[in-house]
Amino acid sequence: MDQTVPAPSLSHQHVTFPDGLRLDCGFHLAPVDVAYRTYGTLSPARDNAILVCHALTGDQYVADPHPLTGKPGWWSRMVGPGLPIDTDRFFVICINVLGGCMGTTGPRSLRRGEDGRQEPWGTEFPAITIRDMVRAQKLLIDHMGISRLLAVVGGSMGGMQVLEWAATYPDHVFAAMPIATSPFHSAQNIAFNEVSRQAIFADPQWHGGRYWECNEIPARGLAVARMMAHITYLSEAALTRKFGRRVRHEPGRGGVPGSLFGEMFEVESYLRHQGSSFVRRFDANSYLTITRAMDYFDLGAEHDGDMSHPFAGTRTRFCIISFSSDWLFPTSQARLLARALNRVAANVSFVEIDSDKGHDAFLLDEPDFDRTIRGFLAGTAEHAGIA
Amino acid sequence: MRLDQRLIAGMIRPGTRVLDVGSGDGALLDHLFRNSGCDARGIEIDMKEVTRSVAHGLPVMHGDADHDLAHYPDNAFDYVVLQRTLQAVERPREVLRQMLRIGRHAIVSFPNFGHWRLRVQMLTRGRMPMTSVWSTPWYDTPNIHPCTILDFLTLCEDEGYVVQQWMAVDEDGERAPWRRSIRLANLFGEQALFLLRRKDTPRT
């Protein structure tokens, strides 16, 4: 499934499930490939597994170098020997989400067309939900013979998956850590996603989603989508601290002094870099599919309008973490989740980490955050009797 | 753990569900989990303490007595504990009602405003009393609802709560000897500690 033009050919560790799975939209998707990475050693009792769920543009390379960019894994500061999610102690699994573009079945995967030829799904890929992503992950967890995950941990869209895991498979999740997330995708966040999608649609190289036929990618549209989204991951304080109003003079670019774009603010340069490096590793149709899955996420709507319903009688231990400057998934939404869990007397820890780094804080150096994760997992292991 | 926390722990049966409202550094939670096998959880208003507690593996959520108890279902806990905080909440009567709605028992401790030293200071100086227990000036104090032991007993009677156990405690948390006479306790006790239940809850 990695032969798609023009994406680089890569093979990812994966398991193929020939029977696939039935999606929330009613479509039966088969076969389904589930690509993943693991770290550490599964105990003989298979009781030390922690599933880390990645965010919108993340992937399964949580703690080893990314095969396309060569950069360290997206949470390599958190997952590893001796780190808060300690691979000396725990068996850590990270799975590329359904609809993704790093080996799990998604819009770039090939299917047999009506004429019998293989072609990518593209925008014909069925609409998926966060719960569908979790169902696909469950296939792999069952395949590994793990009957109960010690913990499911994830930030942002990863946190939505954590909540779906706890709601859909309560007996298989001993502890859940939803981080910088919300029990539903807000109107504001849907609005941002829509701007991202419109940027992709507006790129002439998108070709109605069949860009592979022209051997092109909608790089400009996808880059603009990423630039806009990236602003929402930061905060005014973080942008000011990092860039302020500093200007970068680039000789030979923009030319004449005094011309409209003769000089570039550093923040502009940074965003352009974010945009251009993103398009080298991410598929535009995957971006569309996954942002839509996030938009559909509403834990309450899935359960008669009350987000506490799916957690009635739950024995899962929850640790909700938010960040004070996160305006994309603000603490107020995390508190709604905490209160929904209170309504069913669930075991909930709820911490707001003081940070000025915005939504991205969960990926960055925040000592209190590290301590919270480490301590909660240690307590979890103790309660699970695997200390 | 403070001495009065030991007295509180002594009121709690092993293996029960406990909510500690204002759990601070989590010392009582840790004790109840480790030594009594309780399912003990905390609510704490100070985020630093919350982070510290969770980092010690204790289940604590950020919140406060006035705003967060209302979200729990009836009888979710066997004991709801409120230590040295009743006098500082916005609506003490409502907080007590919530505690005895979500818990079968409430354990409440508070500083006694009826202590003789406070009475003497008021009488002789005519100014708001200041002692080691009541140590902040009137304009800075978080203690907006001070009460005496007798006041508290009257409230319990009005609200239909049964006092299952009470004791006077001195500032260090040591149990004071005024266990026979509530009037003497109200005069000489620096802190008070009560174990309450609703009238309709069987004694356990």
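- The name given to chain A in an unreviewed UniProt entry is Homoserine O-acetyltransferase, with the source organism recorded as Komagataeibacter saccharivorans.
- Under the Catalytic activity (unreviewed entry) heading, UniProt states for chain A: "L-homoserine + acetyl-CoA = O-acetyl-L-homoserine + CoA".
- Per its UniProt entry, chain A bears the Pathway (unreviewed entry) comment "Amino-acid biosynthesis; L-methionine biosynthesis via de novo pathway; O-acetyl-L-homoserine from L-homoserine: step 1/1."

1. Considerations on the packing of helix α1 (residues 130-143) of chain A against helix α2 (residues 157-168) of chain A
Residues and elements named next belong to chain A.
Then comes step 1: Two numbers describe how α1 lies on α2: the axes approach to 9 Å, and their chain directions differ by 70°. Relative to α2, α1 is oriented roughly perpendicular. Like other packed secondary-structure pairs, α1 and α2 cross with a definite hand, here right-handed. Contact residues: Ile130, Arg131, Met133, Val134, Gln137, Lys138 and Ile141 in α1; Met157, Met160, Gln161, Glu164, Trp165 and Thr168 in α2.
Then comes step 2: For the contact of α1 with α2, the per-class residue count stands at 7 nonpolar, 3 polar and 3 charged.

2. Regarding the UniProt feature "active site" (unreviewed entry) in chain A
Residues and elements named next belong to chain A.
Then comes step 1: As annotated by UniProt and renumbered to match this structure, "active site" (unreviewed entry) occupies Ser156, Asp326 and His359. Across 204 residues of sequence, these annotated residues stay compact in space, with a maximum C-alpha separation of 10.6 Å.
Then comes step 2: Turning to its location among the elements, Ser156 is positioned in the loop between β11 (151-155) and α2.
Then comes step 3: Assessed through its relative accessible area of 7%, Ser156 is described here as buried.
Then comes step 4: When neighbours within four sequence positions are excluded, Ser156 is seen to be in contact with Ala55, Ile179, Ala180, Thr181, Phe329, His359 and Phe362.
Then comes step 5: Looking at the secondary structure, you find His359 in the loop between β16 (347-353) and α9 (367-383).

3. Remarks on the domain arrangement of chain A
All names here are of chain A.
Then comes step 1: Taken domain by domain, chain A consists of domain 1 (14-186 + 298-383) and domain 2 (193-285).
Then comes step 2: Using C-alpha coordinates to define each centre, domain 1 is positioned 28 Å away from domain 2.
Then comes step 3: Counting from both sides, the interface comprises 23 residues of domain 1 and, opposite them, 22 residues of domain 2.
Then comes step 4: For the pair domain 1 and domain 2, the two sides together bury roughly 1,900 Å², of which 57% comes from carbon and sulfur.
Then comes step 5: In terms of surface lost to domain 2, no three residues of domain 1 exceed Thr57, Trp327 and Asp356, which account for 25% of the buried area on that side.
Then comes step 6: Put simply, domain 1 and domain 2 have 2 salt bridges between them.
Then comes step 7: Residues Arg210 and Glu119 are paired through a salt bridge, measuring 2.8 Å at the closest nitrogen-oxygen approach.
Then comes step 8: There are 8 residue pairs in polar contact (both at pLDDT 80 or more) connecting domain 1 and domain 2.
Then comes step 9: For the side of domain 1 that touches domain 2, the per-class residue count stands at 7 nonpolar, 10 polar and 6 charged.

Cut-off values and rules
Just so you know, the residues in each chain are numbered from 1, in the order the chain's sequence is written. Chains carry letters from A onward and ligands carry numbers from 1 onward, assigned in written order. The predicted nature of this model means local features are confined to residues of pLDDT at least 70 and side-chain atom pairs, given and counted, to a pLDDT of 80 or more, with totals for whole chains, interfaces and linings taken over all residues. With hydrogens and water excluded, all non-hydrogen atoms of the structure serve as input to the side-chain values. UniProt positions are given in the numbering used here, feature names are shortened, and annotations may be inferred rather than shown by experiment. Only the stretch in contact is used when a helix axis is fitted, and all axes are lines through C-alpha atoms; the angle between N-to-C directions ranges over 0 to 180 degrees. Where helices and strands are cited, they refer to DSSP runs of H or I of at least four residues and of E of at least two residues respectively, numbered from the N terminus. Relative orientations are named as follows: roughly parallel for angles under 35 degrees, roughly antiparallel for angles over 145 degrees, roughly perpendicular for angles from 65 to 115 degrees, and oblique for any other angle. Each crossing is labelled by how the near helix is turned from the far one, with a counterclockwise turn of less than a right angle marking it left-handed and a clockwise turn marking it right-handed. What makes two residues a contact is simply this: any of their non-hydrogen atoms within 4.5 Å. By the convention adopted, Pro, Cys, Tyr, Trp, Phe, Met, Ile, Leu, Val and Ala count as nonpolar, Lys, Arg, Asp and Glu as charged, and the other residues, Gly among them, as polar. Think of it in three bands: residues with accessible area under 20% of the maximum for their type are buried, residues over 50% are exposed, and the middle band is partly exposed, with areas taken using a 1.4 Å probe on protein chains only. A domain assignment, automatic or from a database, supplies the domain bounds used here. Accessible surface is computed with a 1.4 Å probe, and the buried area is the amount of it that two parts give up when combined, taken over both parts together. Each reported salt bridge corresponds to a side-chain nitrogen of Lys or Arg within 4 Å of a carboxyl oxygen of Asp or Glu. Counted as a polar contact is a pair of N or O atoms within 3.5 Å, where, for protein atoms, one must be capable of donating a hydrogen and the other of accepting one, and residues adjacent in sequence contribute only when both atoms are in side chains.

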